[in-house]
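Structural overview for review
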Amino acid sequence: MDILIILAVTADVMFAAVACGASGIRIQPRSCAVMACVSSGFLVLSAFGSGLLFRGLPENTIRWIGCIALVCIGLLQIVSGFGSELLARLSHRLPGHLRRTAEISRDYTKADADGNKTLSPSEAFVLAIPVSIDSLIGGLSISTNFTGLILRFVIGLVCGYLSVYFGSRAASRIPIRSEKLRSLICGLMLIGLGFAKRVL
């Protein structure tokens, strides 16, 4: 189940890479690694924190927490996809750094700040933060020991790197062109995993 959660939250960085690739923005291998590290790091950091926070709670309660966390980020995905116009209006009222983050979360290609059609590691880091926010929530549904966290970090790192690397290079071959449709697919996947986490 945890592997499916990792794959679901990795889909976000893949779609960000697809958006960049479709706009002719090249993502360097080092930048792929940066995006994968941020996404996997957020997930494992959240899982570690949840292990401390929810230690001693009944297993049934932990399952409910994991279910609610996944359903919430699934709904957030769907709402963010259909609320881009509202986000655009609200972003103008935010301070500089937050405004830039909001703009990138609405249009991933804006991460290429210098416009040279190559995403540097620093630009990849800025892009990865808003893209990986759902990993912070998704990690709440993962319950394991320290060795398990290391293993999940490595799996997330590999999945994230491959998703970004191949997503940016195969952008023209991926049929999901609509940002709203991408958000809807990711959101429904996470909601489905949330209910599966509760039942299985």
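Residues numbered from 1 in each chain as written. Predicted model: local features only at pLDDT ≥ 70, side-chain atom pairs only at ≥ 80, totals over all residues. Heavy atoms only, no water.

Okay, the overall build of the chain next. Of the regular secondary structure elements, the chain holds nine helices and two strands. When the helices and strands of the chain are placed in sequence order, the string is α-β-α-α-α-α-β-α-α-α-α. In the chain, which comprises 200 residues, the proportion classed as buried is 42%. In the chain, the share of contacts with a sequence separation of at least 24, taken over all contacts with a separation of at least 6, comes to 83%. When the accessible surface of the chain is split by element, carbon and sulfur atoms take 69% of a total near 10100 Å². (Helix = DSSP H or I, 4+ residues; strand = E, 2+ residues; numbered from the N terminus. Buried < 20%, exposed > 50% of the residue type's maximum accessible area, 1.4 Å probe, protein only. Contact = heavy atoms within 4.5 Å. Areas by Shrake-Rupley, 256 points an atom, 1.4 Å probe, with all protein chains shown as cover.)

This next bit is on the nonpolar core. In terms of nonpolar packing, the biggest core is built from 18 residues, with Ile27, Met35, Leu119, Leu127 and Val164 touching the most fellow members. Elements supplying a minimum of two residues to this core: α1 (2–22), α2 (29–53) and α6 (121–131). With five residues, the top contributor of residues to this core is α1. Filtering out sequence-adjacent residues up to four positions away, Ile27 remains in contact with Ala17, Cys20, Cys32, Leu119, Val164, Ser168 and Arg169. With seven residues, the next largest nonpolar core counts Ile6, Val44, Ala47 and Ile142 among its residues. (Core = buried A, V, L, I, M, F, W, Y, C linked by side-chain atoms within 4.5 Å.)

This part takes up the packing of α1 against helix α8 (residues 146–169). Between α1 and α8, whose axes approach to 8 Å, the crossing angle comes to 25°. Classified by the interaxial angle, the pair formed by α1 and α8 is roughly parallel. Classified by chirality, the crossing of α8 by α1 is right-handed. When α1 is examined against α8, the residues Asp2, Ile3, Ile6, Leu7, Thr10, Val13, Met14, Ala17, Val18 and Gly21 are found in contact with a partner set consisting of Arg152, Ile155, Gly156, Cys159, Gly160, Ser163, Val164, Gly167 and Ser168. By residue class, the composition of the contact of α1 with α8 is ten nonpolar, seven polar and two charged. (Axes fitted to C-alpha atoms, helices over the stretch in contact; angles between N-to-C directions. Parallel < 35°, antiparallel > 145°, perpendicular 65-115°, else oblique. Left-handed = near helix turned anticlockwise from the far one by under 90°. Nonpolar A, V, L, I, M, F, W, Y, C, P; charged D, E, K, R; others polar.)

It is worth spelling out α6 at this point. Taken together, the buried positions of α6 are occupied by Glu123, Ala124, Leu127, Ala128, Pro130 and Val131. All buried residues of α6 fall inside an arc of 165° around its axis, so they share one side. (Arc of directions from axis to C-beta.)

With that out of the way, let us pick up unusual backbone geometry. Despite not being glycine, Lys117 has its phi angle at roughly 65°, a positive value. Judged by relative accessible area, which is 41%, Lys117 ranks as partly exposed.

With respect to the helices and strands, the residue Gly138 is situated in helix α7 (residues 133–138). Sequence separation between Gly138 and Asp2 is 136 residues, and the spatial gap between their C-alpha atoms is 9.7 Å.

Another point: the side chain of Ser31. Summarising the element assignment, Ser31 is placed in helix α2. Given a relative accessible area of 0%, Ser31 falls into the buried group. There is a polar contact of 2.6 Å between the side chain of Ser31 and the backbone oxygen of Leu119. (Polar contact = N/O pair within 3.5 Å; in protein donor to acceptor, adjacent residues only side chain to side chain.)

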